[in-house]
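# Analysis of the macromolecular model
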Amino acid sequence: MTTQESQARAFFKNLNNTNQKLYEYIFRFFGYGNLDGKYWFVGIEESGGKSTEEVNERVELWHTRGKNITEDLNEYHKELKCDTSAFENYLGANAGSIQTTWEQLIRLILSYQNNKSIERPDILNYQKTELGRIDKDTCLLELLPLPDSRNSGWIYNKYNYDECLNDKNLYVENIIQYRIQKIKELIKCKKPKFVVFYIMSYFNSSYGKYICSVFESGFKPKYISSSDSPIYIGTLNNTTLFVSYHPTAHNNKKKIFNNSKNDYFVEIGKILQG
């Protein structure tokens, strides 16, 4: 057991005693898709968690389905009852909407694959049939384990989980190092073609130095034509590591996306071609 894992488990030990299932979820669930896939994406945290009922259902479903490191994005959301919106709007056979974050991740993949035309039907089809599927080419991981709906506030301090979840900042401080280290181990083991960390807000914070030290890659800044702000490129063995802005990022002080964010993610796809 690594130092980071020991420290994290010590911090969450009371949760282990009072809510074993949530404790396991925090340490063992990392996201959706195929760990043997070529294209990995790492975000900060999954959206959701609007109520204690929804969180509990997500945790229970994860246990029922076998406590896997990653789940099938489509099949998992198909079984959720508290929040049916993701499956009905974005993932089901009759879904007709494109999710704003997934749209740009898909655009990046299609650009990397050298698709000459990336139109709405192409993105919608990929979203419904390929993205985050357990037998396809993508893997969607999260730095933080608990779903968080920021519009609803940090709900975990309102229910009887444990004091370790009362304060989001403390929760982040005590779990993020373990999660980053675990993601590094997974990358070294599985060797995807590339990993895009769309976590620039964290990379530019105090966590950035830790992320760089874990990967020991010497992330190098690179300015691209579609942004006034740099992206960062590193390597881990033969896997390219890439730090970008989140598809929904905005910054009033400095323009992030020149022209269109579509161009930003298309350009990243081209850069990843090597």
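As a reminder, the structure under discussion sits directly above these lines.
### Let's talk about the sheet that holds strand β5 (residues 194-197)
- Judged by pairing direction, the sheet is mixed, and its 8 strands sit side by side in the order β3-β1-β4-β2-β5-β8-β7-β6 without closing on themselves. In this open sheet, the two edge strands, each paired with only one partner strand, are β3 (70-71) and β6 (220-222).
- Bridge count between strand β2 (residues 39-43) and β5: 4 bridges; the pairing is parallel. Counterpart to F41 in the pairing with β5 is V196.
- Taken strand by strand, helix α7 (residues 100-112) contacts β2, β4 (138-142) and β5, and its axis lies near 150° from that of β2.

### Let's talk about the packing of aromatic side chains
- Applying the stated criterion across every chain yields a total of 27 aromatic pairs.
- On the numbers, 5.0 Å between centres and 90° between planes, the contact of F11 with F12 is edge-to-face.
- Of the residues examined, F11 reaches a relative accessible area of 25% and is grouped as partly exposed.
- Ring plane angle 75° and centroid distance 4.9 Å describe the contact between Y264 and F265, whose orientation is recorded as edge-to-face. When sorted by exposure, Y264 lands in the same class as F265, which is buried.
- In textbook terms, an aromatic cluster arises when at least three aromatic residues are bridged by ring pairs, as seen for F11, F12, Y23, F27, F30, W154, Y156, Y171 and Y178.
- One cation-aromatic arrangement involves R9 over F27; the distance from NZ or CZ to the ring centre is 4.2 Å.
- Stacked on the ring of F30, the Lys or Arg R179 has its end atom at 3.9 Å from the ring centre.

### A word on the pairing of strand β8 (residues 239-243)
- Burial within β8 is extensive, with 4 of its 5 residues counted as buried.
- Pairing geometry for β5 and β8, over 4 bridges, is parallel. Residue F194 lies in a different strand from β8, and its bridge partner there is T240.
- Bridge count for strand β7 (residues 231-236) against β8 is 5 bridges, and the pairing is antiparallel. Within β8, the position partnered with T235 by the bridge is T240.
- A loop of 2 residues connects β7 with β8, the two strands running antiparallel in sequence, and N237 in this loop sits at a positive phi of about 55°.

### As for unusual backbone geometry
- For K191, which is not glycine, the phi dihedral falls at a positive 55°.
- You can see K191 is positioned in the loop between α9 (168-190) and β5.
- Judged by relative accessible area, which is 57%, K191 ranks as exposed.
- With a phi close to 55°, N237 is a non-glycine residue in the positive phi region.
- Within the secondary structure layout, N237 lies in the loop between β7 and β8.

### As for the state of the cysteines
- By the definition in use, this model includes 0 disulfides.
- Of all cysteine sulfurs, the one in C139 lies closest to C189, which takes part in no disulfide; the gap is 12 Å.

### A few points about the packing of α9 against helix α11 (residues 207-215)
- For the pair α9 and α11, interaxial distance at closest approach is 10 Å and the crossing angle is 30°. As summarised for this structure, α9 and α11 are arranged roughly parallel, according to the angle between their axes. Note on packing geometry: the crossing formed by α9 with α11 is right-handed. Facing α9, whose interface residues are V172, E173, I176, Q177, I180, Q181, K184 and I187, α11 presents Y207, Y210, I211, V214 and F215.
- Broken down by class, the residue content of the contact of α9 with α11 amounts to 9 nonpolar, 2 polar and 2 charged.

About the thresholds
Residues numbered from 1 in each chain as written. Predicted model: local features only at pLDDT ≥ 70, side-chain atom pairs only at ≥ 80, totals over all residues. Heavy atoms only, no water. Pairing = 2+ DSSP bridges. Helix = DSSP H or I, 4+ residues; strand = E, 2+ residues; numbered from the N terminus. Contact = heavy atoms within 4.5 Å. Axes fitted to C-alpha atoms, helices over the stretch in contact; angles between N-to-C directions. Phe/Tyr/Trp six-rings, centres within 6.5 Å; stacked < 30°, edge-to-face > 60°. Buried < 20%, exposed > 50% of the residue type's maximum accessible area, 1.4 Å probe, protein only. Lys NZ or Arg CZ within 6 Å of the ring centre and 35° of its normal. Disulfide = S-S within 2.5 Å. Parallel < 35°, antiparallel > 145°, perpendicular 65-115°, else oblique. Left-handed = near helix turned anticlockwise from the far one by under 90°. Nonpolar A, V, L, I, M, F, W, Y, C, P; charged D, E, K, R; others polar.

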